[in-house]
Amino acid sequence: MSRKIIYLTSILLPLFIVGCKKESFVKAELEPPYYNTSDSSTDPIQHYKSIIFNTYGTYLITAPTIRDYAYNFANKNKIDLTAPEQSEENLLHGIKILKEQFLNLYPVEFLKKNLPFSILLADKIIFTGYISVEDGVEPPRPEYYSYASSSFIAVSGIRKNMGKNPKERLDSIRGDVNARFWLDYIEGIKGGFEVSKSFYEVSKGRYKKDYFDDPATINYYKDGFISYNKVATIYDSNDGWYTELPDEELDLRQWVEFIFRTPKTKIADIINAPGNEKMLKKYEILKQSFLDVGFNIESLSK
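Structural notes, computed from the coordinates.

Each value, and the rule that gives it
Residues numbered from 1 in each chain as written. Predicted model: local features only at pLDDT ≥ 70, side-chain atom pairs only at ≥ 80, totals over all residues. Heavy atoms only, no water. Pairing = 2+ DSSP bridges. Helix = DSSP H or I, 4+ residues; strand = E, 2+ residues; numbered from the N terminus. Axes fitted to C-alpha atoms, helices over the stretch in contact; angles between N-to-C directions. Contact = heavy atoms within 4.5 Å. Parallel < 35°, antiparallel > 145°, perpendicular 65-115°, else oblique. Nonpolar A, V, L, I, M, F, W, Y, C, P; charged D, E, K, R; others polar.

**With respect to the sheet that holds strand 1 (residues 59–61)**
Inference 1: Ordered by their spatial adjacency, 4 strands build an open sheet running 1-5-9-8, and the pairing between neighbours is mixed. In the strand order of this sheet, the two ends are held by strand 1 and strand 8 (146–148), each with one partner. Each strand axis lies, on average, 15 degrees off the axis of its neighbour in the sheet, ignoring direction.
Inference 2: Here strand 5 (residues 118–121) runs beside strand 9 (residues 152–155); their pairing, made up of 4 bridges, is parallel. Counterpart to I119 in the pairing with strand 9 is I153.
Inference 3: On top of the sheet, helix 8 (residues 166–187) reaches strand 8 and strand 9; it is set at about 10 degrees to strand 8, its chief contact.

This is the structure we're talking about:
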């Protein structure tokens, strides 16, 4: 009876349903059989969809449409997502990326508790929100390696041609999707991850500081930073470089990306190098913050 009521309500009051929380949205708009989770001995893609659902309770969507990614609760996500080429070869390639760069990094029980409703595979994800236009020319829109919202995580770059440097692209996907998982979903949506304020105290007084130097020549590690703020950094042919250090939010995101995409031996070399004491302090604080929610970053094999 309750399912019939939910179904009728979704027809009569669609605008109300859009504003509901994730649980209501899932029941009214995304419930099976829209997503097929049955196993197949002849279809390897369907077989893995079944494995994902039965292992984690999450739907793997290999041909996402706008209904799968349009909304973040009542707010519209400012993205345009292009589904990957639907050949078996390409989708198996995408599933391999998903496993190696994301799912296989975590214990099964941890993902059962923390994955969203669905995982989307995408060829590309483009930002569709406001961007500033100078001299009447709109700059290229940002393309994301991944995206996280209230009900899904999307992994982009699912294509056979990975560009001139496929390893670098895979590393970027790995860093980005895991940072979005932790910061945009677990912390931002679930409220299940919190970094100690002492992390920011290490670099206090250096946030958003500027340099008039080429960003490639600056030692960020001495202040406990991974890199600089690329959006706020500019080059002028007359005035030269203006380089800005990250703010607190970008600092944390760069750190989480760094931890997931960087080989353990390289991380150890950096944080233990003379003059990089602030890097070591921030690493140890982050390690404890992850441990507090049941994940050990030192278990990462990369």
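**Observations concerning the packing of helix 10 (residues 248–261) against helix 12 (residues 277–291)**
Inference 1: Relative orientation of the contacting elements helix 10 and helix 12 amounts to 80 degrees, with a least axis distance of 12 Å. With respect to helix 12, the element helix 10 is oriented roughly perpendicular. Residues D251, L252, W255, V256, I259 and F260 of helix 10 touch helix 12, and the partners they reach there are M279, K282, Y283, L286 and F290.
Inference 2: Within the contact of helix 10 with helix 12, the residues separate by chemical class into 9 nonpolar, no polar and 2 charged.

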